[in-house]
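Structural description and commentary
So you can see what is in the structure, the chains are spelled out below.
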Amino acid sequence: MNNIDLAYLKNLESESIHIIREVAAEFKKPVMLYSIGKDSGVMVRLAQKAFYPGKIPFPLMHIDTGFKFPEMIEFRDKLVKEIGANLIVERNEEWITKGTHPSKVGTDRCCAKLKTQGLLDGLRKHGFDAAFGGARREEEKSRAKERVFSFRDQFGQWNPKDQRPELWNIYNCRINEGESIRVFPLSNWTEQDIWRYLQLEKVPVVPIYYAQEREIVRRGGMLVPYSRTTILKPDEKVEVVKCRFRSLGCMPCTGAVASSASNLDEIISELESARKSERENRIIDHGSDSSMEEKKKEGYF
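Our subject in this report is the structure included herewith.

Reading guide: rules and limits
Every residue gets a number counted from 1 within its own chain, in the order that chain's sequence is written. Under the rules for a predicted model, residues below a pLDDT of 70 receive no local features and side-chain atom pairs below 80 are neither given nor counted, while totals for whole chains, interfaces and linings still include all residues. Here the side-chain values reflect all heavy atoms present in the structure, with hydrogen atoms and water set aside. Numbering of helices and strands starts at the N terminus; helices are DSSP runs of H or I of at least 4 residues and strands are runs of E of at least 2. Exposure is judged per residue with a 1.4 Å probe applied to protein chains only, and the accessible area is read against the type maximum: over 50% gives exposed, under 20% gives buried, and values in between give partly exposed. A contact between two residues is defined here by any heavy atoms of the two lying within 4.5 Å. As a rule, the C-alpha atoms of each element are fitted with a line to give its axis, helices using only the stretch in contact, and angles between N-to-C directions run from 0 to 180 degrees. Here the angle decides the label: under 35 degrees means roughly parallel, over 145 means roughly antiparallel, 65 to 115 means roughly perpendicular, and every other value means oblique. Throughout, the ten residues Ala, Val, Leu, Ile, Met, Phe, Trp, Tyr, Cys and Pro are labelled nonpolar, Asp, Glu, Lys and Arg are labelled charged, and all others, Gly among them, are labelled polar. Each patch is built from residues that are more than 30% exposed by relative accessible area and take part in no salt bridge. Like charges join if they lie within 9 Å; nonpolar side chains (Val, Leu, Ile, Met, Phe, Trp, Tyr) join within 5 Å. Only the protein chains shown count as covering a residue, and every accessible area follows the Shrake-Rupley method with a 1.4 Å probe. The salt bridge definition used is simple: a Lys or Arg side-chain nitrogen within 4 Å of an Asp or Glu carboxyl oxygen. Strands were regarded as paired on the criterion that DSSP finds at least two bridges between them. Clockwise travel from the first strand over the helix to the second, with the strands pointing away from the viewer, marks a crossover as right-handed. Note on aromatic pairs: the rings of Phe, Tyr and Trp (six-membered ring only in Trp) are paired at centre separations within 6.5 Å, and the planes decide the class, stacked below 30 degrees, edge-to-face beyond 60, tilted for the rest.

Among the structural elements, Glu191 can be located in helix α7 (residues 191–201). Residue class for Glu191 comes out buried when judged on its relative accessible area of 6%. Once residues within four sequence positions are removed from consideration, Glu191 is found in contact with Lys38, Arg136, Glu138, Arg246, Leu271 and Glu278.

In structure tokens:
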């Protein structure tokens, strides 16, 4: 990594740490959402550096749908133990007990119940007034409409036309009772920035980001991992393909990419020639052109 790359990453780091400290100073009860993915890994490291040598002064919260990769849950529990973080795990047990699955109720409804409702219930249950998320503006077009401090009404809903200006990195933290702010410290980062920072800081990531031979099902042009949660369609068959995941979510809705990248250098090199967003392999984003935006309006991150 040359001096220009290093200076650029350090500028991103400084901006994000400033945002994290601003939230900790201005809000009564913030929380950092922890999805266990690469972006969450960077956010946690930034929070560690923001308050070093003290511990992170707010909890991490994971919304567990019951469909996460086993490697993700194992990684989550090991990490929070190592860094001494306070972890909150929330699940929408009512709909998990009903056997909610995207193949049974549809991807949008499954996501609305297990993710969005699980998140809103968790925020209300604990009274959090600010929640950090790892979304980046270049990930997906509706996320490009987000401010760093994204205002949510008393129902946890987002209105892209009712957001506050953010001139000269000045953030408006004022909210009324019941309202909240979603905070995106990684807004100005790209996927390549994330991987370069993980490499620079030697931040561990879930092993399934690296390429290996896996059982998959080809579905809608995507490589969907085959697991205990997979419901095969009549014309589908299981294949073994060397692949990795660019973005991690629920097993039934997360597609892999054919790849031989088995280390950070190879992943970064691969991304330099990539022409598609990592979200291309998330089934939840393919409902319609406005699919993600509609989910966000309902309270999704």
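Attention now moves to the packing of helix α1 (residues 3–26) against α7. Two quantities define a packed helix pair, namely the angle between the helix axes and the distance between the axes. For the pair α1 and α7, interaxial distance at closest approach is 11 Å and the crossing angle is 100°. On the basis of their axis angle, the class for α1 and α7 is roughly perpendicular. Contact residues: Asp5, Leu6, Tyr8, Leu9, Lys10, Leu12 and Glu13 in α1; Asp193, Arg196, Tyr197, Leu200 and Glu201 in α7. Across the contact of α1 with α7, the residue classes tally to six nonpolar, no polar and six charged.

What follows deals with a nonpolar patch on the surface. Taken together, the side chains of Leu167, Trp168 and Ile170 define a hydrophobic patch exposed on the protein surface, amounting to about 420 Å² of accessible area. Locating Leu167 in the fold gives a position in the loop between β5 (149–152) and β6 (180–183).

Burial along strand β3 (residues 87–90) is one-sided: Ile88 and Glu90 are buried, while Leu87 and Val89, pointing the other way, are not. Pairing analysis gives four bridges linking strand β2 (residues 60–63) to β3, with the strands arranged parallel. Bridge pairing links Leu60 to Leu87 in β3. Taken together, β2, helix α3 (residues 70–83) and β3 constitute a β-α-β crossover, and its handedness is right-handed.

The next subject is the packing of aromatic side chains. This structure, assessed with the given rule, holds seven aromatic pairs. Here Phe58 and Phe132 contribute two aromatic rings whose centre-to-centre distance is 5.1 Å and whose plane-to-plane angle is 35°, an arrangement assigned as tilted. One end of the pair, Phe58, is in the loop between α2 (38–51) and β2; the other, Phe132, is in strand β4 (residues 130–132), and 74 residues separate them in sequence. For the pair Phe58 and Phe132, a shared accessibility class is recorded, and that class is buried. Both rings, one in Phe149 and one in Tyr171, keep their centres 4.7 Å apart while their planes meet at 10°; by these two values the pair is stacked. Separated by 22 residues along the polypeptide, Phe149 in strand β5 and Tyr171 in the loop between β5 and β6 bring together distant segments of the chain. Residue classification places Phe149 among the buried residues on the basis of a relative accessible area of 3%. Taken together through their ring pairs, the aromatic side chains of Phe27, Phe149 and Tyr171 make up a single cluster.

Turning our attention to the pattern of salt bridges. Tallied over the entire structure, the rule returns 20 salt bridges. Taking the shortest distance from any N to any O, the salt bridge between Arg219 and Glu236 comes out at 2.7 Å. A residue pair is termed long-range when its members are at least 10 positions apart, and Arg219 in strand β7 (residues 212–219) and Glu236 in the loop between β8 (222–225) and β9 (238–244) qualify at 17 residues. Comparing Arg219 with Glu236, the two get one shared label, buried. Connected via shared salt-bridge partners are Lys10, Glu13, Arg45, Lys49 and Glu201.

Moving on: the sheet that holds β4. Taking strand neighbours across the sheet as the criterion, the six strands line up as β3-β2-β1-β4-β6-β5 in an open arrangement whose pairing is mixed. Both edges of this open sheet fall to β3 and β5, since each of them pairs with a single strand only. The sheet shows a mean angle of 30° between the axes of neighbouring strands, direction not considered.

Turning to the sheet that holds strand β10 (residues 257–258), a few remarks are in order. Read from one edge of the open sheet, four strands run β8-β7-β9-β10, paired in antiparallel fashion. Edge strands, defined here as strands with exactly one partner in the open sheet, are β8 and β10.

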